[in-house]
Amino acid sequence: ETGVTQTPRHLVMGMTNKKSLKCEQHLGHNAMYWYKQSAKKPLELMFVYSLEERVENNSVPSRFSPECPNSSHLFLHLHTLQPEDSALYLCASSQGRGKITEAFFGQGTRLTVV
Amino acid sequence: EDQVTQSPEALRLQEGESSSLNCSYTVSGLRGLFWYRQDPGKGPEFLFTLYSAGEEKEKERLKATLTKKESFLHITAPKPEDSATYLCAVQPSGTYKYIFGTGTRLKVLA
C-alpha cells in the first residue's frame, strides 16, 4: 500500500455516537494533518502533528479530538457531533520542514451526522 | 492575514478551448504555492509546487506560473477528462499550515 490511506471512506453516525477516523501514511513523512471540506468553502485546517509540535485551529470544537501515536498514524475521535459537522474529512501528510514541501492527501472520509 | 482567492469560481470550456485559472494570494513570506486537482468525492491530487516568482512548471496540458502576487494554471487544448476542481494553496514561511482557496470547478465539454 502506498500514499495516504483513510478509513472508513463513508460514515453515518447519530449525534450521540462515538466513532473514530483513521489515517495511515506510507511516505515516510514527518507531519500529518486533518482538514475539513464543506461545500463552497475552502479546506479548513483542523489539526497538524509534526515531530516538533502539535498545532490546532482554535475554532475546532472539542467534540473533535485528534490522536497521533506515531509519525505514520493519525486518528480523529468524534463524539456528540452536530449535523453541521457533516463534511468530507481529509487526512494529509508532508515532510514537514523537509526540502520537499507539498502535502499528499488521502481519499477522505465522507461523514454524515443524523 | 494569509489568504488565497481563486477565480473564476466555475468555468465551462469546449474541448480544445484553452484558458487560464487564477490564484491570488497574500502571505507573510511564501514557502511554496501548490496546485491540486480534485475529482468529486475524492481527495486532492497534487499537481505542482512553485517556490519563487518567475518559476514555471508543466505537466501534459497544464502549465503553472507564479508572480509575487498570483499564480496561473494554464490549460492548453483541454479534454473532457480535465474536468475537475482545481485547488490552489500556499504555505507561509515558518509554518506547517497549507491555506487553500475555494477552488475553480472546470467543466470541459466534448
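See the structure printed just above.
This write-up is about the structure you can find in this document. As the structure is a prediction and not an experimental result, all values here were calculated from the model. (Residues numbered from 1 in each chain as written. Chains lettered and ligands numbered in written order. Predicted model: local features only at pLDDT ≥ 70, side-chain atom pairs only at ≥ 80, totals over all residues. Heavy atoms only, no water.)

**Some remarks on the overall build of chain B**
Item 1. When helices and strands are counted, chain B shows 0 helices and 11 strands.
Item 2. Secondary structure elements of chain B occur, N-terminal to C-terminal, as β-β-β-β-β-β-β-β-β-β-β.
Item 3. The globule rule puts the C-alpha radius of gyration for 110 residues at 13 Å, and the 13 Å found for chain B is close to it.
Item 4. Each of the three principal axes of chain B carries a C-alpha extent, and together these read 45 × 30 × 20 Å.
Item 5. Residue burial in chain B is summarised as follows: out of 110 residues, 48% are buried.
Item 6. Contacts in chain B between residues at least 24 apart in sequence constitute 55% of all its contacts with a sequence separation of at least 6.
Item 7. A total of about 5200 Å² of accessible surface is found on chain B, and carbon and sulfur atoms cover 48% of it. (Helix = DSSP H or I, 4+ residues; strand = E, 2+ residues; numbered from the N terminus. Rg over C-alpha atoms; globule rule 2.2 N^0.38 Å. Buried < 20%, exposed > 50% of the residue type's maximum accessible area, 1.4 Å probe, protein only. Contact = heavy atoms within 4.5 Å. Areas by Shrake-Rupley, 256 points an atom, 1.4 Å probe, with all protein chains shown as cover.)

**Description of the interface of chain B and chain A**
Item 1. In this complex, chain B contributes 22 residues to the contact, which on the side of chain A involves 29 residues.
Item 2. In this assembly, chain B packs against chain A so that about 2000 Å² is buried in total across both faces, 54% of it on carbon and sulfur atoms.
Item 3. The three residues of chain B that bury the most area against chain A are Tyr96(B), Tyr98(B) and Phe100(B), which together make up 37% of that side's buried surface.
Item 4. Summed over the shared surface of chain B and chain A, the result is 1 salt bridge.
Item 5. Here Glu9(B) and Lys40(A) are joined by a salt bridge, their closest N and O atoms 3.6 Å apart.
Item 6. Summed over the shared surface of chain B and chain A, the number is 9 residue pairs in polar contact (both at pLDDT 80 or more).
Item 7. Of all elements in the fold, only strand S4 (30–38), strand S5 (45–50) and strand S9 (84–92) of chain B reach the threshold of two or more residues within the side of chain B that touches chain A.
Item 8. A per-element tally of the side of chain B that touches chain A places S4(B) first, with 4 residues.
Item 9. Across the side of chain B that touches chain A, the residue classes break down as 9 nonpolar, 8 polar and 5 charged. (Buried area = accessible area lost by both parts, 1.4 Å probe. Salt bridge = Lys/Arg side-chain N within 4 Å of Asp/Glu carboxyl O. Polar contact = N/O pair within 3.5 Å; in protein donor to acceptor, adjacent residues only side chain to side chain. Nonpolar A, V, L, I, M, F, W, Y, C, P; charged D, E, K, R; others polar.)

**Focus on the state of the cysteines**
Item 1. Inspection of every chain in the model, using the stated rule, returns 2 disulfides over all chains.
Item 2. Between the sulfur of Cys23(B) and that of Cys88(B) lies a disulfide, 2.0 Å long from S to S. Sign of the S-S torsion, about -65 degrees for the bond between Cys23(B) and Cys88(B), identifies this disulfide as left-handed. Here the residue Cys23(B) occupies a position in strand S3 (residues 19–26), and Cys88(B) occupies one in strand S9, the gap between them amounting to 65 residues.
Item 3. Cys68(A) takes part in no disulfide bond, and the closest cysteine sulfur to it belongs to Cys91(A), at a distance of 8.9 Å.
Item 4. Taking relative accessible area as the criterion, Cys68(A) reaches 24% and is therefore assigned partly exposed. (Disulfide = S-S within 2.5 Å.)

**Focus on the sheet that holds strand S6 (residues 56–59) of chain B**
Residues and elements named next belong to chain B.
Item 1. Strand order in this open sheet of 5 strands is S1-S3-S8-S7-S6, and the pairing throughout is antiparallel. Strands with a single pairing partner mark the edges of an open sheet, and in this sheet they are strand S1 (3–7) and S6. Here the strands of the sheet are splayed against their neighbours by 15 degrees on average, with no regard to which way each runs. (Pairing = 2+ DSSP bridges. Axes fitted to C-alpha atoms, helices over the stretch in contact; angles between N-to-C directions.)

**Here's the deal with the sheet that holds strand S8 (residues 73–79) of chain A**
To summarise the sheet geometry, strands pair through backbone hydrogen bonds and adopt either a parallel or an antiparallel arrangement.
Residue and element names in this part refer to chain A.
Item 1. Strand order in the open sheet made by the 4 strands is S1-S3-S8-S7, with antiparallel pairing throughout. In this open sheet, the two strands that pair with only one neighbour each are strand S1 (4–7) and strand S7 (64–70). If you compare each strand with its neighbour and ignore which way they point, the axes differ by 20 degrees on average.
Item 2. Both S7 and S8 contribute to a ladder of 5 bridges, which runs antiparallel. Paired with Pro66 across the bridge in S8 is Leu76.

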